[in-house]
Structure formats: C-alpha cells, structure tokens
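Descriptive analysis of the structure
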Amino acid sequence: MKRFLSLLIFLMLPLCAFAEGLPEIDFDGLQLGLTLAEVKIALKDTPEYDDLIGIHPAQSHDICTLERLTAEIFSDEGNPVKEERNSDVFLISLGDTMEVAGYKAYPSWRFVRPVVDGAISADDEQAVFYAGSYSFESNFFWGDLNCRDVHDELKGILNSLYGEGVASTTTATEPYSTTKHGTGDDATYTYKFDTYEFTLWQGADDKQVLMSFCERTKLLRITYLWMGAQQMISDALALCPPTEEPAKDISGL
C-alpha cells in the first residue's frame, strides 16, 4: 500500500476557527473509534484485511493503555511495569511491512473491548479501535539511510498536515553503556543514557499523533491515539480480577 498517512484534513472555515481550530486525525484513512467490524469493512480487499483476520488478545508484555502509549519511553527498558490483564481487555494486530512515505514500517492496530450490560464484551467485532502506529524498528530497514534525515522528513510532513507539533525530550532511566575508570576505591564510572525525542500533534475529538525517536538505536514510531477511549479502557480494566502472584514454594523449610 503506497498511501502515506491518507488523513482527512478539513480546512477550518474562518467562522469555525473559534469553535474547534483543530485538524481531523485518522490512521491511514481509518477513523479512530470504529468497531473492529467497521474496520474490517473499511479494509476489505486491501492487504491489511488479512492482518485483521489474525487479530489476537494482547499479551502481558504489549503496551496497550493510553498511559503507556503516551509515556515518554517506547520500550520496557527501564520500565518494569507489565500489563498482565491485557488479554482480558485488549486486542492487537501486528501487520506485515508496508511503505510509509517511501520507507518500510510495521503497522499495528489496537482495540479495546467495551463494557456491555455490566460485563466486558466477548464479541471481538464490538472491540473499538483506539490506537494505530507505524514502527520503523529494524536496522535492516534503514540500509544506507540516515534515520535522523527520515525523522526530520516525516516530522515535516506531519507539521504540514497538523500544524507545528510540540517537541520534548527525555532521558532513559537506565544507561546503555557504563565505563569504569581506575581501580579499587578510586574507581569512577561514566554512564551514557539514550535520549528520546517526542513531537505531539493535537487533533479534534481527542485525537493525537505522537512521534517517538531515538537516534542511537534507530527507533522511530508514529502513533495515532484516540484519548477519548480512556473511560472505556478504565471501565473494562475495573472489571478484571486483580493479578495474583503465584504462591511461593516453601516446601522443606
């Protein structure tokens, strides 16, 4: 698929500027907030349809909640939190590689099961699409490309679509390199930490686009989020039983 971020951008009329003033955001032509059944209809006869047929419950290591997806870190490095109840609430589909603005990326779609009549819906077709992302995560993809140049190019495109994004940076909590100098009590250490760069674009109806980038590891991700799903997610998680720690083996003590 050669479409890049085929997003419906509505030019705001001057009379509407004071009412909204924010661009419409969707994920490659898909409206965030659709049910899985509606997404399948929209993607019928496209390569992505097969990816959705293989949708599955999220695993404990998958990043699913909006808090984790928007956190200023995009791996579990330095973040021991796990989402053990993922399989009860979330569905996820990881697609095959596709072209995004001429660059290879992995798409993904995340869905949340709604609460219906006081219970988490067991019908996958009712699950609601609340986040989609493109991940440029393999060094194999880059080849001779300069990942900084790719980041800057895609950021420029997103700025042209949604206006100037809000940039921020954060430093990883765990070092990727430790160097020891000297020996014994006089030894000193030098630590190197990754720096993550983020750019956030706000859209209408609680929609967001978040670009995450780490130059050293060549990780680049663009995530489209419907923040309005927060209550739906909270309601579903509230119905999940707490995760119980396995009993420790005290035999022989």
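The structure this text deals with has already been given above.
Everything in this summary refers to the structure shown in the same document. (Residues numbered from 1 in each chain as written. Predicted model: local features only at pLDDT ≥ 70, side-chain atom pairs only at ≥ 80, totals over all residues. Heavy atoms only, no water.)

Per the secondary structure count, the protein includes seven helices and 13 strands. Every one of the 253 residues in the protein was classed for burial, and the buried ones make up 40%. Within the structure as shown, the protein displays about 13,900 Å² of accessible surface, and the carbon and sulfur contribution to it stands at 53%. (Helix = DSSP H or I, 4+ residues; strand = E, 2+ residues; numbered from the N terminus. Buried < 20%, exposed > 50% of the residue type's maximum accessible area, 1.4 Å probe, protein only. Areas by Shrake-Rupley, 256 points an atom, 1.4 Å probe, with all protein chains shown as cover.)

Take empty space enclosed by the protein next. Over the atoms, a rolling probe the size of a water molecule traces out where space has been left empty. In total, this model carries two cavities of 30 Å³ or more according to the counting rule given. Quantified by volume, the second largest cavity comes out at close to 40 Å³. Looking at the second largest cavity, it is lined by ten residues, and the ones nearest its centre are Phe27, Asp28, Leu30, Glu48 and Trp109. Per-class residue counts for the lining of the second largest cavity are eight nonpolar, no polar and two charged. (1 Å grid on protein atoms, 1.4 Å probe; cavity = no way out; pocket = protein on both sides within 12 Å on 5 of 7 lines; lining within 4 Å. Points joined across faces, edges and corners; volume = space filled by probe spheres on them. Nonpolar A, V, L, I, M, F, W, Y, C, P; charged D, E, K, R; others polar.)

It is worth spelling out the pairing of strand S4 (residues 103-112) at this point. Among the ten residues in S4, eight count as buried, and that is most of the element. In this sheet, S4 lies alongside strand S2 (residues 90-94) in antiparallel orientation, the contact comprising five bridges. When the bridges of S4 are listed, Leu94 appears paired with Ser108. Relative to S4, strand S3 (residues 98-100) runs antiparallel, the two sharing three bridges. By the bridge assignment, Glu99 is partnered in S4 with Lys104. Where S3 hands over to S4, the hairpin turn is made up of two residues, of which Ala101 adopts a positive phi near 55 degrees. Across seven bridges, S4 lies against strand S7 (residues 128-136) in antiparallel orientation. (Pairing = 2+ DSSP bridges.)

Right, let's get into the side chain of Arg113. Mapping Arg113 onto the fold places it in the loop between S4 and strand S5 (115-116). Taking relative accessible area as the criterion, Arg113 reaches 9% and is therefore assigned buried. A polar contact is formed between the side chain of Arg113 and the side chain of Asp124, at a distance of 2.8 Å. Residue contacts for Arg113: discarding those within four places in its chain leaves Ser87, Asp88, Val89, Leu91, Ile120, Ser121, Ala122, Asp123, Asp124, Ala127 and Ala236. (Polar contact = N/O pair within 3.5 Å; in protein donor to acceptor, adjacent residues only side chain to side chain. Contact = heavy atoms within 4.5 Å.)

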